[in-house]
Structure formats: C-alpha cells, structure tokens
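# Observations on the three-dimensional arrangement
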Amino acid sequence: MKLAAKLFLGGAAFYLLVAAVYWFMSHDEAGTTALVLTAGLSGMVGFYLLVTANRLPDQPDDRPNGEIWEADPDYGHFSPHSWAPLMVGVASAITFAGLALAAWIVAAGAVLVIMTSAYWVFEYYHGPNRQF
Amino acid sequence: MTQAHPGAHPVHPNKTAVGTIIWLSSELMFFAGLFAMYFTLRATNPEVWAEETQFLNVPFSTVNTLILVSSSVTCQLGVIAAERGDLRGMQRWYILTFVLGAIFIGGQVYEYAHLIQAEGLTLSSSPYGSAFYLTTGFHGLHVTAGLVAFLFVIARSYASRRYGNEQATAAIVTSYYWHFVDVVWIALFFMIYVLQ
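This structure is a prediction, so every number in the text was calculated from the model and none was measured. Think of each chain on its own: its residues are numbered from 1, step by step along the sequence as written. A letter from A marks each chain and a number from 1 marks each ligand, given out in the order of writing. Two thresholds apply to this predicted model, a pLDDT of at least 70 for residue-level local features and 80 or more for giving and counting side-chain atom pairs, whereas whole-chain, interface and lining totals are computed over all residues. Where side-chain values are given, they derive from all heavy atoms of the structure, hydrogens and water being excluded.

### Notes on the packing of helix α1 (residues 15-44) of chain B against helix α5 (residues 127-159) of chain B
Residue and element names in this part refer to chain B. Only the stretch in contact is used when fitting a helix axis, every axis being a line fitted to C-alpha atoms; angles between N-to-C directions are given from 0 to 180 degrees. Secondary structure elements are defined from DSSP: runs of H or I of at least 4 residues count as helices, runs of E of at least 2 residues count as strands, and each element is numbered from the N terminus. Contact pair α1 / α5: the axes reach a minimum separation of 9 Å and the direction vectors enclose 165°. Taken together, the axes of α1 and α5 are roughly antiparallel relative to one another. Considering how the two elements wind past one another, α1 and α5 form a crossing that is left-handed. Judged by residue contacts, Glu27, Phe30, Phe31, Leu34, Met37, Tyr38 and Leu41 of α1 engage Pro127, Tyr128, Ala131, Leu134, Thr135, Phe138, His139 and His142 from α5. Tallied by class, the residues present in the contact of α1 with α5 amount to 11 nonpolar, three polar and one charged. By definition in this entry, angles of less than 35 degrees are roughly parallel, angles greater than 145 are roughly antiparallel, angles of 65 to 115 are roughly perpendicular, and the rest are oblique. Note: crossing handedness is left-handed where the near helix turns anticlockwise from the far helix by less than a right angle, and right-handed where it turns clockwise. What makes two residues a contact is simply this: any of their non-hydrogen atoms within 4.5 Å. Gly falls in the polar group here, along with every residue not listed as nonpolar (Ala, Val, Leu, Ile, Met, Phe, Trp, Tyr, Cys, Pro) or charged (Asp, Glu, Lys, Arg).

### Thoughts on the domain arrangement of chain A
When the parts of a complex come together, some accessible area is lost, and that lost area is often used as the size of the interface. Residue ranges for the domains originate in an automatic or database domain assignment. Splitting chain A by domain gives domain 1 (2-70) and domain 2 (84-121). If you average the C-alpha positions of domain 1 of chain A and of domain 2 of chain A, the two centres end up 36 Å apart.

### Quick notes on the interface of chain B and chain A
Counting from both sides, the interface comprises 39 residues of chain B and, opposite them, 32 residues of chain A. The term buried area means the drop in 1.4 Å probe accessible area that two parts suffer when joined, counted for both and summed. At the boundary of chain B with chain A, total buried surface from both sides reaches about 3,100 Å², with 70% on carbon and sulfur atoms. Contact with chain A buries surface across chain B, with Phe152, Arg156 and Arg161 of chain B losing the most and accounting together for 18% of the total. Each reported salt bridge corresponds to a side-chain nitrogen of Lys or Arg within 4 Å of a carboxyl oxygen of Asp or Glu. Across the contact surface, chain B and chain A share one salt bridge. The salt bridge partner of Arg42 of chain B is Glu29 of chain A, with a shortest N-O separation of 3.7 Å. If you list the elements that add at least two residues to the side of chain B that touches chain A, you get α1, α5 and α6 (165-195) of chain B. Ranked by residues supplied to the side of chain B that touches chain A, first place goes to α1 of chain B with 17 residues.

Listed below in structure tokens is the structure:
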C-alpha cells in the first residue's frame, strides 16, 4: 500500500511538472487547468493511500514475506441478485431522454431515480431478505 | 479478520472508502472540463466578461459559501460521532449538515432567479451565461445529490437494527463526497467571484 501511495504521488509530481512546462510554452489557461487537475486526480488518490497506510498496520504488500491470501479480507455484504440496478438504470435513461424531449420528463425521471435509488439503498433493510 | 471501517481498529483498508476516493478523482476530471471551458470562453470573450461579471452579487455568494463550508465542519463532527459509535450524535450532525446544504441550494436558486429576471442572464444569452450556469449548475446538482445521499444515510441509520460497519462506512464515504464537493465549490467561487 505504501508503494501504491508513492506511485500515485509520483504521478502527481510528474503532472505538476508537465503543467508548469506546458504553461511556460503555451500560456494556455484551459490546458494548464486540465493538467493541474490531473495532478489533483493522482495526488488525492496518493494522499488518501498514504494517510490510510499510516493508520493501518503493515499490509501484506508492504512485507517481503507477505502472502496473497493475506490481502483477501472479508469483503462484507454483497447482494447475490437484485433488480435495483436495472430499475435505477431505466429511471436514469428516462431522465436523460427527457433532456432531448421535454422538461416534464426530466422532472418525472428525477423522481423515479430517487424512488428506485431508495429501493436499492433499503433493499436489505426490510422484508424477508433483511440483513441489517 | 473482519473488514473494519476507517474509524474502528481496522486491519485492512476499507474497500468502499478506497473505491469512493478513486471515483471522486474521476469526478475531479469532470470538473476539470468545466474549469477549462470557463477559462477558454473567458480568454476568447474578454469584453463579454468585463460587462456581465458585474451582475454578480459577491457579498451574497460569500455568505452562501460560508454556509457550505460550515456544513463540511458539521459533517466532519458527524463522522467523528459515527467513528465513536455514537449513533444519535451522527444523526443530529448529519441533519444539521443537510439543513445547511439545503440553505446553500436555496441561496443558489435565489441567485439564479435574480440573474434571470433582473439581468436577463440565461444559459443561452451569452458565453458568460453558458459558463456561469454550467459550472455552478453542475456543482449545484452535485450538492443536491449529496443532500439525497444524506437523507439515505440518516434514514438507513434509523432503519437498521444495529449500528454496524455498513452504516458507518456509508456515513464516512458520504462525508468524503461532501468534502470533495465543498472543495470544488471553493475553487469555483475563487474562479467565478474572485478572479471573475
């Protein structure tokens, strides 16, 4: 995990360097913005991994004698089968189709997205399949 | 060897939290496109910018920004409560965060209504209108989605029979999202209202 953090932070340093070179060669605000934020993309992942690595004991990939199975913890609860993603997907499709068709379809679609998302979020919090 | 949330005494990184951060880094690139668009239109239409940035009510937006920033503080206090396993504390702070976020969105709607009615600035009226509404509008949609996420987290914490890792993880990753959207707003505020 520490190596992963270093890789991402190194990426951030590289993109910052490229952004500086790009700015002095082009004075283009749009491209420089995109490059600086690419450094942000890499940097925020690297920063999070570094902070997390420092809060945890050494991970298997930090130890020379680490085994692959050690990096395979209990992943928690996963849904074996669910219609909820398809329902949210259809509701999202209706919402975005509304952008091309009519404003009221967007409003109706947004309500459907919230309703289907609620079904997804609470699927294992009620009924016969209740887990939590 | 149980998977613990960042607040307990975990042995392994929380996969949901790592996944959320990686997703947020892609969200950063989504906003990078919007920032780049704003700077491109600004560089090619300096006269439109000189005239239409005067429509902005900077003191009003500053107050609104302070409300959003303070909601990040209350959100983090909720996370601290969640990490302690203090369910009631988490619920109270998250409800307050929700209210502050809703006030921010209300302020933004008020600002839009004023700009459209009094100044005639719309999405299609000028390059400045397009840049202003697309950047602040997409951010506003993100805040609104965050408000819905807060409702889900709060409602789920009431619905669950026991307060476990699932609820704490949901509360913590929602706070990551909220802080991210808050930081993006600070950058947007600097670009639109300070730099203009």
